[in-house]
Amino acid sequence: MSQAIPDLVVTDVPARLDRLRWGRFHTLVVFALGITWILDGLEVTVTGSIAGALKSSPVLHLSDEQVGLAASFYLIGAVLGAFGFGWLTDKLGRKKLFSITLGLYLTATALTAFSTNFWMFALFRALTGAGIGGEYAAINSAIQELIPARYRGHTDLVINGSFWIGAALGALGAVVLLDSHWLSAELGWRLAFGLGAALGLIILLLRRFLPESPRWLILHGRVAEAEAIMSQIEARLGVAPPSEPLPKLRLRPRELGLGDVARTLFRAYPQRTAVTLVLMACQAFFYNAIFFTYALVLSRFYGIADDRMGWFLLPFAAGNFFGPLILGRWFDSLGRRPMIAITYAMSGLLLAATAWLFGKGVLTAQTQTIAWSVVFFFASAAASSAYLTASESFPLELRALAIALFYALGTAIGGVIGPWLFGILIGSGQRDAIVGGYLGGAALMLIAAIVVWRWGVAAERKSLEEVAAPLSLDEGSG
C-alpha cells in the first residue's frame, strides 16, 4: 500500500547533514559507495593490460580494432545503464539500486571470462559497463547528498580518483595472471575478470549498513523515515540534536515527468547544462581514447611484452590517483571555476607537448610513461571535477537522472568513438596519425577550460539546496 505524500514538508534535515563533522559514518559511505570507481578502474585496466593476450588468444584472436571496439561496447553499455538506472534511482531511491547495479556488474564480468568469440566478449563487456554506468548514477547522487558541504568537493574528487586504485589492482593482477610461469596466457586473461567479481562480493556486505538518503526521502514526502535516519546518523557520530533552530526547507513534494526534466535543464539552467556537457564530453574523449589504447601503444611502438604491461601502468595509475588527492582541497578553498579551468588547461597543454615528443620519436617506454603520468596528474582531477559539476549543479529531484544524462551524453559524444578511433590510428602504425589524435584531445581540453572559466558555477562550500533550489521548494522557505 503506497504512502500518501503530504502537501507540505517542513524540514531541517539538509542543514543537519551539512553541520556534521567528518566521522566514521562518512568513512563508511566513502568505502562502501566509492568502490564503484575502483571497480571501473579495475575493469578498464584489466582489459587494457591484457590486450596483447586477447590478440594472441587461440580462441578469441582479437585485432587491434576489435580491442578498441570492445572498449567502445563497454562504454555503450555504461551509457545505457547510466540512463536507465539513473531514472530508476530518482524514482525508487538510492539504496534500492545499490544491489541491482552491483549484481549486474558481478554477473557480467564473471561471464566475460567464458567468452568464446568476439561478439560474446563484446556483449558481456557491454553488460558489465551497464552495471558500472548504473552505479555512477546511484552512487554519485547518494555520496553528494550524505557528505557535508564543506567536504563535498575534495571528497568527490578523491573518490573519483580512486578509479586508479582499481587500475593499480588490475595492473598487478594482470602481471601475475599473465606470467607464463604461473598460468597459461589463455587461462590468465579469463581469471583476470574474476578480480572485480571477488571485490564486488565484499562490498555487497558493506552496503547493507548504509541508509537511504534522507534528502531523497524528504523530497518524496517520507519525513518520518528521513528524521529517523538523520537521528541514527547523529547518534553514530555522537552528535547531539541541534540545540538552536536551523534553517528549514518548505517543500511541496510532487512527481516529475520528462517534461519537467527538459524544462529544468534547457530553460531554467541552460548555461549549466552546456558547461556540464562540454566538460563531460571533452574529458571522456581525452581519457577513454588514450587509456583504453595505452597498452597498444606500448606494445606496438616500444615492444613491451604482454606480461610486463602492468608494471608500466603502475606509475601512470599513481599520477592519476595523487592528482585529485593533492589538488582536491583547492576545489573547496580556491574554488570550482579556477581549479577546473586550470586542470583542464594543464591537461591539454601537457598532452600537446607529449604528442610532439612522441611524434619526434625521442621517447622511450619509460619516458613515455613518465610523460603520461604527469599529464594525467592534472587530467584525473579535471575528469573528476566534471562528475562533481554534473552532480551538484542541478536540483535534487533529478540529481541521479542529471548525472546519468550527462555521463551518457558526454560518454556517447566523446568517449565511445575515442577507443575505436585510436585503435584504428594505432593499427595503422603511423606516428603522425596518432599525434593528430592526441592534439585533437588536447584542443578539446583547452576549449573546456575556456568554457568553464567563463560560465562555470561557484559551488564551493555551499549546500546542495543553495547551489540549485529544489523544484518542489515552497516560497516560504527560510
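The present account deals with the structure reproduced in this document.

Scoring rules and cut-offs
- As a convention, each chain's residues are numbered from 1 in the sequence order in which they are written.
- The model is predicted, so local features are restricted to residues of pLDDT at least 70 and side-chain atom pairs to those at 80 or more, both for listing and for counting; the totals for chains, interfaces and linings are taken over all residues.
- The basis for every side-chain value is the complete set of heavy atoms in the structure, and neither hydrogens nor water enter the calculation.
- A run of DSSP states H or I qualifies as a helix once it reaches four residues; a run of E qualifies as a strand once it reaches two. Both are numbered from the N-terminal end.
- Atoms counted for the radius of gyration: C-alpha only. Globule rule: 2.2 Å times the number of residues to the power 0.38.
- Relative accessibility decides the category of a residue: with a 1.4 Å probe and only protein chains considered, values under 20% of the type maximum give buried, values over 50% give exposed, and everything between is partly exposed.
- The contact rule is simple, with two residues in contact once any of their heavy atoms fall within 4.5 Å.
- All accessible areas in this document rest on Shrake-Rupley with a 1.4 Å probe, and a residue is counted as covered only by the protein chains that are shown.
- In this tally Asp and Glu are treated as negative and Lys and Arg as positive; neither His nor the chain ends contributes.
- Charged side chains are reduced to one point each, which is NZ for Lys, CZ for Arg, CG for Asp and CD for Glu.
- Axis lines are fitted through C-alpha atoms, for helices just across the contact stretch, and the angle between N-to-C directions can take any value from 0 to 180 degrees.
- Roughly parallel means an angle under 35 degrees; roughly antiparallel means over 145; roughly perpendicular covers 65 to 115; every other angle is labelled oblique.
- Handedness of a crossing is defined here by the sense of rotation of the near helix relative to the far one, left-handed for an anticlockwise turn of less than a right angle and right-handed for a clockwise turn.
- In the scheme used here, Gly and all other residues not listed as nonpolar or charged are polar, with Ala, Val, Leu, Ile, Met, Phe, Trp, Tyr, Cys and Pro taken as nonpolar and Asp, Glu, Lys and Arg as charged.
- Should a side-chain nitrogen of Lys or Arg be within 4 Å of a carboxyl oxygen of Asp or Glu, the pair is scored as a salt bridge.
- Surface patches are defined over residues having more than 30% relative accessible area and no salt bridge, joining like charges when they lie within 9 Å and nonpolar side chains (Val, Leu, Ile, Met, Phe, Trp, Tyr) when within 5 Å.
- Think of it as the arc spanned by the lines of direction from the helix axis to the C-beta atoms.
- Centre distance within 6.5 Å is the pairing criterion for rings of Phe, Tyr and Trp, where only the six-membered ring of Trp is used; planes under 30 degrees apart are then read as stacked, over 60 as edge-to-face, and the remainder as tilted.
- Criterion for a charge above a ring: Arg CZ or Lys NZ at most 6 Å from the ring centre, at most 35 degrees from the ring normal.

1. Overview of the overall build of the protein
So, point 1. Along the backbone of the protein there are 22 helices and 2 strands.
So, point 2. In terms of C-alpha radius of gyration, the protein reaches 22 Å, essentially the compact-globule figure of 23 Å for 478 residues.
So, point 3. The dimensions of the protein, computed from C-alpha atoms along their principal axes, are 65 × 45 × 40 Å.
So, point 4. Here the protein holds 478 residues, and the buried ones make up 59% of them.
So, point 5. Within the protein, counting contacts between residues at least 6 apart in sequence, those at least 24 apart form 87% of the total.
So, point 6. Carbon and sulfur atoms form 67% of the exposed surface of the protein, whose accessible area is close to 18,200 Å².
So, point 7. Put simply, the protein has 36 plus and 31 minus side-chain charges, and the middle of one group is 3 Å from the middle of the other.

2. A short note on the packing of helix α17 (residues 336-360) against helix α18 (residues 365-392)
So, point 1. Direction vectors running N to C along α17 and α18 enclose 150°, while the axes themselves pass 8 Å from each other. Between α17 and α18, the interaxial angle falls into the category roughly antiparallel. In this structure, the crossing between α17 and α18 has a hand that is left-handed.
So, point 2. Looking at the contact of α17 with α18 residue by residue, the classes come out as 16 nonpolar, 6 polar and 2 charged.

3. Remarks on the pattern of salt bridges
So, point 1. The tally for this structure, following the rule as stated, stands at 15 salt bridges.
So, point 2. Among the salt bridges present, the one from D18 reaches R215, with a minimum N-O distance of 3.1 Å. Residue D18 is found in helix α1 (residues 13-19), and its partner R215 is found in helix α11 (residues 214-219); the two are separated by 197 residues along the sequence. In terms of burial, D18 and R215 fall into one category: buried.
So, point 3. Between R207 and E135 there is a salt bridge, and its shortest N-O distance comes to 2.8 Å. Here the residue R207 occupies a position in helix α10 (residues 194-207), and E135 occupies one in helix α6 (residues 118-146), the gap between them amounting to 72 residues.
So, point 4. On the accessibility criterion, E135 (1% relative accessible area) is buried.
So, point 5. Salt bridges here are not isolated pairs; linked through shared partners, they connect D12, R16, R19, E227 and E234.

4. Looking at a nonpolar patch on the surface
So, point 1. Residues F322, L325 and I326 make up a contiguous nonpolar surface patch of about 240 Å² in total accessible area.
So, point 2. Note on placement: I326 falls in helix α16 (residues 309-333).

5. Considering the packing of helix α4 (residues 64-92) against α6
So, point 1. Where α4 contacts α6, the axes come no closer than 5 Å and their chain directions differ by 40°. The handedness of the crossing between α4 and α6 comes out as right-handed.
So, point 2. Taken together, the residues that form the contact of α4 with α6 break down as 16 nonpolar, 10 polar and 1 charged.

6. What to know about unusual backbone geometry
So, point 1. A positive phi angle, close to 50°, is found at H61, a residue other than glycine.
So, point 2. Its location among the elements puts H61 in the loop between α3 (51-56) and α4.
So, point 3. The exposed category is assigned to H61, whose relative accessible area is 57%.
So, point 4. Even without being a glycine, R461 presents a positive backbone phi close to 60°.
So, point 5. Tracing the sequence through the fold places R461 in the loop between α21 (431-455) and α22 (464-467).
So, point 6. With relative accessibility at 49%, the residue R461 sits in the partly exposed group.

7. Some details on helix α13 (residues 258-268)
So, point 1. Along α13, the positions that sit buried rather than exposed are D260, V261, T264 and L265. All buried residues of α13 lie within an arc of 120° about the axis, which places them on one face of the element. For α13, exposure combined with an orientation more than 90 degrees from the buried face picks out L258, F266 and R267.

8. Describing the packing of aromatic side chains
So, point 1. Tallied over the entire structure, the rule returns 17 aromatic pairs.
So, point 2. Centroid distance F73 to W119: 5.9 Å. Interplanar angle 85°. Geometry classified as edge-to-face. Residue F73 is found in helix α4, and its partner W119 is found in helix α6; the two are separated by 46 residues along the sequence.
So, point 3. With a relative accessible area of 23%, F73 lands in the partly exposed category.
So, point 4. Ring centres 6.2 Å apart and planes at 90° place the aromatic pair Y269 and F394 in the edge-to-face group. You can see Y269 sitting in the loop between α13 and α14 (270-291) and its partner F394 sitting in the loop between α18 and α19 (399-415), a full 125 residues away along the chain. The pair Y269 / F394 is uniform in exposure class, with both members buried.
So, point 5. Between R337 and the ring centre of W453, over which it is positioned, the NZ or CZ distance is 5.6 Å.
So, point 6. Of note, R431 hangs over the ring of F358, and the distance from its end group to the ring centre comes to 4.6 Å.

9. Quick word on the environment of I304
So, point 1. Relative to the helices and strands, I304 resides in the loop between α15 (294-302) and α16.
So, point 2. Among the residues examined, I304 registers a relative accessible area of 6% and is labelled buried.
So, point 3. When the C-alpha positions of I304 and T112 are compared, they lie 25 Å apart, and in sequence the two are 192 residues distant.

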